[in-house]
Amino acid sequence: MNKIKKTALIIGMMVFLTALGVTAASAQPGSYKRISVKDKQVVKAAKFAVRAEQEKTGGVLTHLKVIKAQMQVVRGFNYKMCLRVKENGTTKTAEAVVNQFTGKFELLEWNWKKCR
């Protein structure tokens, strides 16, 4: 490998490791950090939460929108979301917490309330 390629490789690795460090630092274990409501995992977690709550209660729930989302790094990831849903034809808001570990989701909390 010539000297220019080696230098480019080293610089590329440094940039990658710096970016990785910034990402890891911004998601400290135990603290919730705000994330995009359009994040793929947030959308999946929200849809899962609505299905899980529907199965638990036997009601008719429809996922409408994620209003706010936060992520916590723990054993996997916790997604705390403020959701707009339709329950038996009535639009409501709920706060849901979903854990994702090894690719599987688990609904930890579901509370009908206005989100802060």
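Residues numbered from 1 in each chain as written. Predicted model: local features only at pLDDT ≥ 70, side-chain atom pairs only at ≥ 80, totals over all residues. Heavy atoms only, no water.

Inspection of the entire model under this criterion finds 1 disulfide. A disulfide bridge connects C82 with C115, and the sulfur atoms are separated by 2.2 Å. Measuring handedness by torsion sign, the sulfur bridge of C82 and C115 sits at about 95 degrees and is right-handed. In this pair, C82 is assigned in strand 3 (residues 76-87) and C115 in the segment after strand 5 (104-112), connecting sequence segments 33 residues apart. (Disulfide = S-S within 2.5 Å. Helix = DSSP H or I, 4+ residues; strand = E, 2+ residues; numbered from the N terminus.)

Moving on, we come to the pattern of salt bridges. Counted by the stated rule, this structure contains 2 salt bridges. A salt bridge links E87 to K92, with the nearest nitrogen and oxygen atoms 2.4 Å apart. On the basis of relative accessibility, which here comes to 19%, the residue E87 falls in the buried class. For E95, the salt bridge identified is with K113, shortest N-O distance 3.4 Å. Taken together, the residues span a long stretch of sequence, with E95 in strand 4 (residues 90-101) and K113 in the segment after strand 5 at a distance of 18 residues. Taking relative accessible area as the criterion, E95 reaches 17% and is therefore assigned buried. For K113, a relative accessible area of 32% puts it in the partly exposed group. (Salt bridge = Lys/Arg side-chain N within 4 Å of Asp/Glu carboxyl O. Buried < 20%, exposed > 50% of the residue type's maximum accessible area, 1.4 Å probe, protein only.)

With that settled, consider the nonpolar core. In terms of nonpolar packing, the biggest core is built from 18 residues, with V66, M81, L83 and W110 touching the most fellow members. Looking at this core, the elements with two or more residues in it are helix 2 (40-57), strand 2 (61-74), strand 3 and strand 4. Apart from the residues within four sequence positions on either side, L83 is in contact with A46, A49, V50, K65, V66, I67, K92, T93, A94, A96, W110 and C115. (Core = buried A, V, L, I, M, F, W, Y, C linked by side-chain atoms within 4.5 Å. Contact = heavy atoms within 4.5 Å.)

Our focus in this paragraph is the environment of R75. Relative to the elements of secondary structure, R75 occurs in the loop between strand 2 and strand 3. Given the relative accessible area of 57%, R75 is considered exposed. If near-sequence neighbours (up to four positions away) are discounted, R75 is found in contact with N99, Q100 and F101.

Our focus in this paragraph is the sheet that holds strand 5. Strand pairing in a sheet takes place through backbone hydrogen bonds and is either antiparallel or parallel in direction. The 5 strands lie next to each other as 1-2-3-4-5, forming an open sheet whose pairing is antiparallel. The sheet terminates laterally at strand 1 (32-35) and strand 5, the two strands that pair on one side only. Here the strands of the sheet are splayed against their neighbours by 30 degrees on average, with no regard to which way each runs. Note: strand 1 against strand 2, 4 bridges, orientation antiparallel. By the bridge assignment, Y32 is partnered in strand 2 with Q72. Contacts from helix 2 reach strand 1, strand 2, strand 3, strand 4 and strand 5, with the element oriented near 65 degrees to strand 5. (Pairing = 2+ DSSP bridges. Axes fitted to C-alpha atoms, helices over the stretch in contact; angles between N-to-C directions.)

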